[in-house]
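Commentary on secondary and tertiary structure
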Amino acid sequence: MTTSSDTAGTTAGRIAVDLRAALSPLVRRLRQVKPDGELTFSQISAMVRLDREGPATATELAAGEGIRPQSMCTIVGALQERGLVVRDPDPSDGRRIVVSLSQAGLDGLHGARAERARRLARAIDEELTPEEQRLLADAIPLLERITRRV
């Protein structure tokens, strides 16, 4: 016997599979846009975290990214060599070193985001009718809500 909750689960399950199948290639293609040079995904991820959460120690960054502190030190060192991050003594505890984005890092990160947004906007404009664009726009708050629950 099938209950309405079983049907809802089946429907939600099918939507989840289809949504993931549709969004995964989109995310992969957007990640391939690298106007800011040949940064690795790990380097970009660390920069995004610094931009979103502010200055942090390498240990804090490593914990946030789920990697070993030694690996994060390597990532931070490579970013510092490129002038994308700076290391400074922690103003509240001079024994600690905090990492923050440099102006070049901010500019590069925001430039990469702007390029991805331009490419996505062009695809939306060229592929979707005005009505489809409205439907997509209406779906964004729904996607944001489920993203918070995942």
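Residues numbered from 1 in each chain as written. Predicted model: local features only at pLDDT ≥ 70, side-chain atom pairs only at ≥ 80, totals over all residues. Heavy atoms only, no water.

**Considering the side chain of Q43**
Looking at the secondary structure, you find Q43 in helix α2 (residues 41-53). A distance of 2.8 Å separates a polar atom in the side chain of Q43 from the backbone nitrogen of T40. (Helix = DSSP H or I, 4+ residues; strand = E, 2+ residues; numbered from the N terminus. Polar contact = N/O pair within 3.5 Å; in protein donor to acceptor, adjacent residues only side chain to side chain.)

**Observations concerning the pattern of salt bridges**
All chains considered together, the criterion is met by ten salt bridges. One salt bridge in this structure joins R14 and D18, with 2.8 Å as the shortest N-O distance. Of this pair, R14 and D18 both sit in helix α1 (residues 4-32), separated by four residues, roughly a single helical turn. For D18, a relative accessible area of 40% puts it in the partly exposed group. For the salt bridge of E131 with R134, the shortest nitrogen-to-oxygen distance reads 3.0 Å. Here E131 pairs with R134, and both are found in helix α6 (residues 130-149), just three residues apart, close to one helical turn. Looking at E131, the relative accessible area reads 42%, which means it is partly exposed. (Salt bridge = Lys/Arg side-chain N within 4 Å of Asp/Glu carboxyl O. Buried < 20%, exposed > 50% of the residue type's maximum accessible area, 1.4 Å probe, protein only.)

**Some words on helix α5 (residues 103-127)**
Given a rise of 1.5 Å per residue, 25 residues ought to cover 36 Å, and the 36 Å separating the end C-alpha atoms of α5 matches this to within 8%. Those residues of α5 lying buried are G105, G108, L109, A112 and R116. (Expected span 1.5 Å × (residues − 1).)

**Structural notes on the confidence of the model for the chain**
On average, the chain scores 87 in pLDDT, and the residues at 70 or more come to 91%. Of all the helices and strands in the chain, α1 carries the lowest mean pLDDT, 78, while helix α4 (residues 69-81) carries the highest, 96. (pLDDT = per-residue confidence, 0-100.)

**Some details on the packing of α2 against helix α3 (residues 58-65)**
Where α2 contacts α3, the two axes come as close as 11 Å, and the packing angle between them is 110°. Between α2 and α3, the angle is such that the two are roughly perpendicular. Of the residues in α3, those in contact with S45, A46, R49 and L50 of α2 are L61, G64 and E65. Per-class residue counts for the contact of α2 with α3 are three nonpolar, two polar and two charged. (Axes fitted to C-alpha atoms, helices over the stretch in contact; angles between N-to-C directions. Parallel < 35°, antiparallel > 145°, perpendicular 65-115°, else oblique. Contact = heavy atoms within 4.5 Å. Nonpolar A, V, L, I, M, F, W, Y, C, P; charged D, E, K, R; others polar.)

**Quick notes on a nonpolar patch on the surface**
Taken together, the side chains of L23, L26, V27 and L120 present a nonpolar region at the surface, about 260 Å² in accessible area. Examining the composition of the nonpolar patch, we find that three residues originate from one element, α1, more than from any other. As for its position among the elements, L120 is in helix α5. In this structure L120 comes out as partly exposed when scored by relative accessible area, which is 30%. (Patch = residues over 30% accessible without salt bridge, like charges linked within 9 Å, V, L, I, M, F, W, Y side chains within 5 Å. Areas by Shrake-Rupley, 256 points an atom, 1.4 Å probe, with all protein chains shown as cover.)

**Some remarks on α2**
Over its 13 residues, α2 runs 18 Å from end to end, which matches the ideal 18 Å to within 8%, given 1.5 Å per residue. Looking only at α2, the buried set comprises Q43, I44, S45, A46, M47, R49 and L50. Packed against the buried residues of α2 are α3, α4, β1 (85-90), β2 (93-101) and α5. Among the residues trailing α2, G54 stands out with phi positive, at a value near 90°.

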